[in-house]
Amino acid sequence: QVQLVESGGGLVQPGGSLRLSCAASLSIFSLRPMGWYRQAPGNERELVATITSGGTTNYADSVKGRFTISRDNAKKTVYLQMNSLKPEDTAVYYCHAVGSNYWGQGTQVTVSA
């Protein structure tokens with residue numbers, strides 16, 4: 001059974017940092033593009049960042065320069081380093097195996113003073 005398990009969410013003050021992790025029990029993980037998405041209350045789920053098997057990254061304009069996606073294929077884990085967090089970054093963050101139906105359960109990130 002495929003599982004994507006996120007961790008690392010929490011409450012942080014504006015300007016702070018968090019690092020999300022997603023551990024994947026996926027076969028051929030190293031060949032799969034992976035992504036982070038987020039959904040705020042009342043909003044649709046939106047792309048945050050993706051990373052290909054070769055390490056090419058793509059970011060939403062709203063997070064460019066602040067967030068960094070990375071992966072460790074040996075650990076079958078994808079990360080999202082979030083710096084300079086803003087209140088508008090508050091959302092549930094989901095890990096996704098791009099092109100598949102596999103999603104994590106989500107982890108809450110709240111940015112508030």
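Data block above holds the structure.
Criteria and cut-off values
Residues numbered from 1 in each chain as written. Predicted model: local features only at pLDDT ≥ 70, side-chain atom pairs only at ≥ 80, totals over all residues. Heavy atoms only, no water. Core = buried A, V, L, I, M, F, W, Y, C linked by side-chain atoms within 4.5 Å. Buried < 20%, exposed > 50% of the residue type's maximum accessible area, 1.4 Å probe, protein only. Helix = DSSP H or I, 4+ residues; strand = E, 2+ residues; numbered from the N terminus. Contact = heavy atoms within 4.5 Å. Pairing = 2+ DSSP bridges. Axes fitted to C-alpha atoms, helices over the stretch in contact; angles between N-to-C directions.

## Brief notes about the nonpolar core
Counting 29 residues, the largest nonpolar core has Met34, Trp36, Leu80, Met82 and Tyr93 as its most contacted members. When residues of this core are traced back to their parent elements, those giving at least two are β3 (18-24), β4 (34-39), β5 (46-51), β7 (67-72), β8 (77-82), β9 (91-97) and β10 (107-111). Beyond its immediate stretch of four places on either side in the chain, Met82 contacts Gly16, Ser17, Leu18, Leu20, Arg66, Phe67, Tyr93 and Val109.

## A look at the sheet that holds β8
On the basis of which strands lie adjacent, the open sheet formed by four strands has the order β1-β3-β8-β7 and antiparallel pairing. The sheet is open, and its two edges are formed by β1 (4-7) and β7, each paired on a single side. Sheet twist, expressed as the mean angle between neighbouring strand axes with direction ignored, is 15 degrees. In terms of strand pairing, β7 meets β8 through six bridges, oriented antiparallel.

## What to know about unusual backbone geometry
We note that Lys76 has phi near 50 degrees; this positive angle belongs to a residue other than glycine. Secondary-structure assignment places Lys76 in the loop between β7 and β8. Even without being glycine, Ser84 reaches a positive phi, approximately 50 degrees. By the secondary structure assignment, Ser84 is in the loop between β8 and β9.

## A look at the sheet that holds β4
Spatially, the six strands line up as an open sheet ordered β2-β10-β9-β4-β5-β6, and their pairing is mixed. Looking along the sheet, the strands with just one partner apiece sit at the ends: β2 (10-12) and β6 (57-59). Taken pair by pair, the neighbouring strands of this sheet meet at an average axis angle of 25 degrees, ignoring direction. Pairing between β5 and β6: three bridges, direction antiparallel. By the bridge assignment, Thr50 is partnered in β6 with Asn58.

## Describing the environment of Glu44
The residue Glu44 is located in the loop between β4 and β5 in this model. When sequence neighbours within four positions are dropped, the list of residues in contact with Glu44 reads Arg38 and Gln39.

## What to know about the pairing of β7
The side-chain alternation of β7 yields one buried face, formed by Phe67, Ile69 and Arg71, and one unburied face, formed by Thr68, Ser70 and Asp72. Hairpin geometry of β7 and β8 is characterised by an intervening segment of four residues between the two adjacent antiparallel strands and by a positive phi of about 50 degrees at Lys76.

## As for the environment of Ser30
When you line up the elements, Ser30 lands in the loop between β3 and β4. Residue classification places Ser30 among the partly exposed residues on the basis of a relative accessible area of 34%. Sequence separation of Ser30 and Gly16 is 14 residues, and the distance between their C-alpha atoms is 31 Å. In this structure Ser30 touches Ser53, Arg71 and Asn73, once residues within four positions along its chain are discounted.

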